[in-house]
Amino acid sequence: MWTVASYIVRQKLAGRKQYPLVLMLEPLFRCNLACAGCGKIQYPAHILKKDLSPEECFRAVEECGAPMVSVPGGEPLMHPQIGEIIEGLVARKKYIYLCTNALLLKEKIHLFQPSKYLTFSVHLDGQREEHDLAVCREGGYDIAVDAMREALRRGFRVTTNTTLFDGANPKSVRAFFDEMMELGVEGMMLSPGYSYDKAPDQKHFLGRARTRRMFRAILSNRKKNWQFNLSPLFLEFLMGKRTYPCTPWGMPTYNVFGWQKPCYLLQDGYAETFAELLATTEWSRYGTESGNPACANCMVHSGYEASAVNATFSSLGGFLATVKATLFSGYRDDEALRLLEEPQTAVHPLVQIATTSETLQETRA
Ligand code: SF4
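Along every chain, residues carry numbers that run from 1 in the direction the sequence is written. Residues qualify for local features only when their pLDDT is at least 70, as the model is predicted, and side-chain atom pairs are given and counted only at 80 or more; totals for whole chains, interfaces and linings, by contrast, use all residues. The basis for every side-chain value is the complete set of non-hydrogen atoms in the structure, without hydrogens or water.

A.B. asks: Would you take a moment to explain the site of the ligand for this structure?
C.D. replies: Near the ligand you find Y194, C246, C263, L265, L266, Y286, G287, C295, C298, G303 and Y304, and these make up its full shell. Put simply, Ala, Val, Leu, Ile, Met, Phe, Trp, Tyr, Cys and Pro go in the nonpolar bin, Asp, Glu, Lys and Arg in the charged bin, and everything else, Gly too, in the polar bin. Residue classes in the shell around the ligand are distributed as nine nonpolar, two polar and no charged. Any residue with at least one heavy atom within 4 Å of a molecule or strand is counted as near it.

A.B. asks: It is not clear to me how the environment of Y43 should be interpreted in this structure. Could you clarify?
C.D. replies: Looking at where Y43 falls in the secondary structure, it is placed in the loop between β1 (22-25) and α2 (45-48). Think of a polar contact as two N or O atoms within 3.5 Å of one another; within protein, one of them needs to be a possible hydrogen donor and the other a possible acceptor, and neighboring residues in sequence only count if both atoms come from side chains. One polar contact links Y43 to Q267, side chain to side chain, over a distance of 2.6 Å. Each helix corresponds to a stretch of at least 4 residues labelled H or I by DSSP, and each strand to a stretch of at least 2 residues labelled E; elements are numbered beginning at the N terminus.

A.B. asks: What is the right way to look at the packing of aromatic side chains in this model?
C.D. replies: What characterises a pair of aromatic rings is the spacing of the ring centres plus the angle enclosed by the ring planes. Two rings from Phe, Tyr or Trp (for Trp, the six-membered ring) form a pair when their centres are within 6.5 Å of each other. A pair whose planes differ by under 30 degrees is stacked, one over 60 is edge-to-face, and the rest are tilted. Applying the stated criterion to the full structure yields 18 aromatic pairs. Seen from their ring centres, Y95 and Y117 are 4.8 Å apart, and the 50 degrees between their planes marks the pair as tilted. Placement of Y95 in strand β3 (residues 95-100) and of Y117 in the loop between α5 (105-108) and β4 (118-123) is noted, with a sequence separation of 22 residues between them. With a centroid separation of 5.0 Å and an interplanar angle of 55 degrees, the aromatic rings of F120 and F156 are classed as tilted. A residue pair is termed long-range when its members are at least 10 positions apart, and F120 in strand β4 and F156 in the loop between α7 (140-153) and β5 (157-164) qualify at 36 residues. By relative accessible area, which is 5% here, F156 ends up buried. These aromatic residues form a ring-pair network of at least three members: F29, Y43, F257 and Y270. Note on criteria: charge over ring means Lys NZ or Arg CZ within 6 Å of the ring centre, with the direction from the centre no more than 35 degrees off the ring normal. Its guanidinium or amino end placed over the ring of F58, R92 lies 4.1 Å from that ring's centre, counting from NZ or CZ. Note on exposure labels: buried denotes an accessible area under 20% of the residue type's maximum, exposed denotes more than 50%, and partly exposed covers the range between, all computed with a 1.4 Å probe on protein chains only.

A.B. asks: So what exactly am I meant to see when it comes to the state of the cysteines here?
C.D. replies: Here is the idea: a disulfide is a covalent bond, and it sits between the sulfur atoms of two cysteines. When the sulfur atoms of two cysteines come within 2.5 Å, that pair is taken as a disulfide. Per the stated rule, a full pass over the model turns up zero disulfides. In this structure C64 is a free cysteine whose sulfur lies 13 Å from that of C57, the closest cysteine sulfur available. We note that C99 lacks a disulfide partner, and the nearest cysteine sulfur, in C31, lies 12 Å from it. Relative accessible area serves as the criterion here: at 13%, C99 is assigned to the buried category.

A.B. asks: Before we go on, may I ask you to explain the sheet that holds strand β9 (residues 270-271) in this structure?
C.D. replies: Strand pairs in the sheet, formed through backbone hydrogen bonds, run parallel or antiparallel to each other. Think of it this way: DSSP has to see at least two bridges between two strands before they count as a pair. Taken in spatial order, the nine strands line up as β6-β5-β4-β3-β2-β1-β7-β8-β9 in an open sheet, and their pairing is mixed. In the strand order of this sheet, the two ends are held by β6 (187-192) and β9, each with one partner. As paired elements, strand β8 (residues 258-260) and β9 share two bridges and run antiparallel to each other. In the strand pairing of β9, W259 is matched with A271. Residues are treated as being in contact if the distance between any of their heavy atoms lies within 4.5 Å. Angles shown run from 0 to 180 degrees and are taken between the N-to-C directions of axes, each axis being a line fitted to C-alpha atoms and, for helices, limited to the stretch in contact. Here helix α9 (residues 208-219) sits on the sheet and contacts β5 and β6; the angle it forms with β6, its principal contact strand, is near 160 degrees.

A.B. asks: Just checking my understanding: could you explain the environment of R16 for this structure?
C.D. replies: Residue placement: R16 occurs in the loop between α1 (2-13) and β1. Relative accessible area serves as the criterion here: at 45%, R16 is assigned to the partly exposed category. At a separation of 2.9 Å, a polar atom in the side chain of R16 contacts the side chain of Q11.

A.B. asks: Before we go on, may I ask you to explain helix α3 (residues 54-64) in this structure?
C.D. replies: Since the α-helix turns once every 3.6 residues, residues separated by three or four places project in the same direction. All of the buried residues in α3 are P54, C57, F58, A60, V61 and C64. Axial view of α3: buried residues confined to an arc of 160 degrees, hence all on one face. Structurally, α3 contributes buried residues whose contacts are with β1, β2 (68-71), α4 (82-91), β7 (253-255), β8 and α11 (274-280). For this quantity, the arc is that covered by the directions from the helix axis to the C-beta atoms.

A.B. asks: Could you clarify how one ought to interpret the nonpolar core in this entry?
C.D. replies: A general feature of soluble globular proteins is that nonpolar side chains tend to end up buried together. L25 and F177 are the most contacted members of the largest nonpolar core, which totals 98 residues. Setting aside its immediate chain neighbours within four residues, F177 contacts M188, L190, I218, L219, W226 and F228. Core analysis: the second largest hydrophobic core is formed by five residues, L33, C35, C38 and V135 among them. Put simply, a nonpolar core is a bunch of buried Ala, Val, Leu, Ile, Met, Phe, Trp, Tyr and Cys residues held in one set by side-chain atoms that sit within 4.5 Å of each other.

A.B. asks: How do you make sense of the pattern of salt bridges when you look at a structure like this?
C.D. replies: A side chain of one charge can pair with a side chain of the opposite charge if their charged atoms are brought near each other. Any Lys or Arg side-chain nitrogen found within 4 Å of a carboxyl oxygen on Asp or Glu counts as a salt bridge. In the structure shown here, the tally under the stated rule is 16 salt bridges. Notably, a salt bridge pairs D142 with R128, separated by 2.8 Å at the nearest N-O pair. Of this pair, D142 sits in helix α7 while R128 sits in helix α6 (residues 128-134), and the two are 14 residues apart along the sequence. We classify D142 as partly exposed; its relative accessible area is 38%. Judged by its relative accessible area of 46%, R128 falls in the partly exposed class. Residue E342 pairs with R213 through a salt bridge whose shortest N-O separation is 2.6 Å. Of the two residues, E342 sits in the loop between α14 (334-340) and α15 (356-363) while R213 sits in helix α9, which places them 129 residues apart along the sequence. The exposure class of R213 is partly exposed, given its relative accessible area of 39%. In this structure, a network of salt bridges that share partners links the residues R213, E335, R338 and E342.

Spelled out as structure tokens, the structure:
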């Protein structure tokens with residue numbers, strides 16, 4: 001927190017209006033899951049085969065300068081040089097979130113050393129049944145939780161990373177928070193899903209009003225022991241207590257195509273350098289207020305958490321609101337308790353993409 005706070009204060013003192021907070025570094029697009037709500041793996045085979053080299057990763061990290069690096073994909077543990085990449089990022093004192101579905105974590109954990117800079121951010125979309133449905137893989141939850149236990153036992157930092165779609169059961173999500181805290185994770189990250197036009201499942205993306213309603217039910221009447229790995233003001237944004245414009249440059253994306261315009265979710269071209277990305281993207285065309293239909297329902301973490309963090313450091317009011325949200329974060333709300341009792345629409349049926357053994361074998365190559 002101190003590293004991030006001092007970084008932001010330095011940016012403000014330097015008068016920088018657009019500064020990155022987290023680099024989204026996608027070293028590959030291959031994955032050993034094919035989740036129904038994912039828009040990242042529908043590339044042709046020759047693109048899926050590509051990897052960023054460690055040197056390309058380090059150059060991007062240095063160009064960008066963000067204090068935190070999130071390493072999603074694809075599944076980063078399938079990258080043949082992932083150990084080297086993470087070691088290089090730790091040496092550069094970047095706070096790294098290695099975003100993994102954890103199917104290969106036990107097998108590859110020897111590639112990593114526990115460090116305060118490295119966190120395994122494990123993709124879990126809820127309790128066992130909900131997660132397996134969301135990732136279209138029966139047994140995925142149990143493999144991931146087993147690997148998380150092993151990582152915790154070895155002294156690694158472990159957090160969760162949960163994407164919620166329409167039909168998510170708020171009661172079950174709250175029970176999932178209890179399970180994760182009991183397991184010993186350090187914090188939990190949440191985001192509503194984005195309606196990727198390439199995702200196989202187009203029926204279960206959330207509109208903004210439904211997103212706020214769902215997060216109000218989930219995050220009100222909060223238990224004291226729940227730890228979230230997110231800005232408290234971003235959580236209030238999800239609950240409909242605050243509005244923010246999108247800050248797409250706050251979490252810029254670098255992948256095998258270059259610097260992606262304008263954000264992690266959309267692909268309106270690429271830039272060769274981070275400076276070029278900042279200078280040549282028409283930022284006014286993006287964000288909910290822009291009228292861009294691709295942004296209309298978006299409330300995702302990669303667009304709006306940087307806005308919430310910026311709000312904390314932009315005024316005394318923002319700072320005090322963050323302190324209040326951190327210290328008095330029970331959010332008692334009787335209407336939200338009633339929402340928890342509403343009957344839930346069933347989520348989509350399980351689509352089994354491949355058997356566990358076949359797919360795991362494919363990924364060991
Ligand atoms: S609103 Fe969402 S899709 Fe649009 S630029 Fe921001 S993060 Fe990207």
